[in-house]
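Here's the letter readout for the chains.
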Amino acid sequence: MIVVSSCLAGLEVRYNATHRLNEKLKQLVDEKKAVAVCPELLGGLPTPREPAEIINGDGFDVLDGKARIMDRGGKDVTDAYVEGAKKTLDIIHELDATLVVLKENSPSCGSSMIYNGEFSGVRMAGNGVTAALLKRSGYEVISEEDFMKRLEEF
Ligand code: SF4
């Protein structure tokens, strides 16, 4: 089983209530070969919600208590993001997932790039907190871009 970010499967769950549909990933969900999850909704956050970024680090630093996640309004939303990461891990464990495809740049789902914590639109190398927890737990986590390079496997 593959697990994918809900927004990539076409669900309007992003902070601004939009999606980032990838037709192939939606097809896999429709065929029941993949399951869509949104860590931020699992963490109890609403849609729409304030955009958030990791301050002074990446998702691994958040898990280690060295960085926090703040929304644009200045509210510390770390606990909700970590809760969503843990619930996502539980689901992936129950499904015995073999691959996780997450949306890039998100403070939850980014698996190689995230925003730099300045709310300036500048990205940096790093993982979101869900991607970090899944990687630390031994799961293979890739971006949509890397998934598209491996399409023949699916
Ligand atoms: S948390 Fe992940 S699945 Fe949910 S909207 Fe953000 S990028 Fe998409």
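Just above sits the structure.
Residues numbered from 1 in each chain as written. Predicted model: local features only at pLDDT ≥ 70, side-chain atom pairs only at ≥ 80, totals over all residues. Heavy atoms only, no water.

## Looking at helix α1 (residues 23-30)
Heads up, the condition is: Buried means the residue's accessible area, taken with a 1.4 Å probe over protein chains only, is under 20% of the maximum for its type, while exposed means over 50%, and partly exposed covers the values in between. A run of DSSP states H or I qualifies as a helix once it reaches four residues; a run of E qualifies as a strand once it reaches two. Both are numbered from the N-terminal end. The arc refers to the directions leading from the helix axis to the C-beta atoms. It only takes one pair of heavy atoms within 4.5 Å for two residues to be counted as in contact. Nitrogen and oxygen atoms within 3.5 Å of one another constitute a polar contact, given that in protein one can donate a hydrogen and the other can accept it, and given that sequence-neighbouring residues count only through two side-chain atoms.
Listed as buried for α1 are Lys24, Leu25 and Leu28. One side of α1 holds all its buried residues, which, seen down the axis, span an arc of 100 degrees. Along α1, exposed side chains directed more than 90 degrees from the buried face belong to Glu23 and Asp30. On its buried face, α1 sits against β1 (2-5), β2 (34-37), β5 (99-102) and α6 (144-149). Its side-chain oxygen placed 3.0 Å from the backbone nitrogen of lysine 24, asparagine 22 serves as the N-cap of α1. With its phi angle positive at about 65 degrees, lysine 32 sits one or two positions after the end of α1.

## Notes on the pattern of salt bridges
Side-chain pairing between opposite charges can occur once the charged atoms of the two side chains come close. Applicable threshold: A pairing counts as a salt bridge when a side-chain nitrogen of Lys or Arg comes within 4 Å of a carboxyl oxygen of Asp or Glu.
The full count for this structure, using the stated rule, is 10 salt bridges. For the salt bridge of lysine 33 with glutamate 31, the shortest nitrogen-to-oxygen distance reads 3.2 Å. Given the relative accessible area of 36%, glutamate 31 is considered partly exposed. As a salt-bridge pair, arginine 68 and aspartate 76 come within 2.9 Å of each other at their nearest N and O atoms.

Read these as layout, nothing more, since geometry by itself doesn't imply function.
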